[in-house]
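One-letter residues, chain by chain:
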Amino acid sequence: MSEKLISRRGAFSLLGLGVALGFAVPPTVLMTSDADAQAQPIAPAPTAPAPTAAAPTAPATSGMNRRQARRAGRHERREARRNARHERREARRNAREMRREARHGNSLYMKSNKPVKQPQ
């Protein structure tokens, strides 16, 4: 016989399958005879209303606070990266425009401050 090792994932899937089957058909239903099932009284319907979504929730736990802090930090870092990209892009555009204007002689960018000699 060859021994086959089972992976951790396989073991957990088998365990989960066993648990799921255990909850799907409770053993008390399987062991109850028809006569016992007929003799059991029917439980009355609950009179208290079920809690609604508008009911107050529990206060935030420290884990929730840590998660919210991490999310806020990620959001701030993302915004900072986005703003930095935008500023770099604008700087490149402005520099490109200045170089174009300088090539066409439309601005004083890259022009010398020395007086031009006039021919005599």
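Preceding this section is the structure that the text describes.
What this report covers is the structure whose coordinates are included nearby. Numbering of residues starts from 1 in every chain and runs along the sequence as written. Only residues with pLDDT of at least 70 get local features here, since the model is predicted, and only at 80 or more are side-chain atom pairs given and counted; chain-wide, interface and lining totals rely on the full set of residues. Heavy atoms from the whole structure form the basis of all side-chain values; hydrogens and water molecules are not counted.

What follows is about the overall build of the protein chain. We count a stretch as a helix when DSSP gives it H or I for four or more residues in a row; a strand needs E for two or more, and each element gets its number in order from the N terminus. Secondary structure summary: the protein chain contains four helices and zero strands in total. Ordering the α and β elements of the protein chain from the N terminus gives α-α-α-α. The buried share of the protein chain, taken over its 120 residues, is 2%. In the structure as shown, the protein chain presents an accessible area of about 12200 Å², 58% of it carried by carbon and sulfur atoms. Think of it in three bands: residues with accessible area under 20% of the maximum for their type are buried, residues over 50% are exposed, and the middle band is partly exposed, with areas taken using a 1.4 Å probe on protein chains only. Computed with a 1.4 Å probe, the accessible areas rest on the Shrake-Rupley method; for each residue, only the protein chains presented here act as cover.

Between the first and last residue of a helix there are one fewer steps than residues, each counted as 1.5 Å, and that sum is the expected span. Here helix 4 (residues 62–103) is 42 residues long and its end C-alpha atoms lie 61 Å apart, about the 62 Å a rise of 1.5 Å per residue gives. The first or second residue beyond helix 4 is G105, which carries a positive phi of 75°.

Glancing now at the pattern of salt bridges. Within this document, salt bridges are pairs made up of a side-chain nitrogen of Lys or Arg and a carboxyl oxygen of Asp or Glu, the two lying within 4 Å of each other. The full count for this structure, using the stated rule, is three salt bridges. In this structure, the salt-bridge partner of E90 is R93, at a minimum N-O distance of 3.1 Å. Of this pair, E90 and R93 both sit in helix 4, three residues apart, which is roughly one turn of the helix. Residue E97 is joined to R100 by a salt bridge in which the shortest nitrogen-to-oxygen separation is 3.2 Å. Residue E97 and its partner R100 are located together in helix 4, separated by three residues, close to a single helical turn. On the basis of relative accessibility, which here comes to 38%, the residue E97 falls in the partly exposed class.

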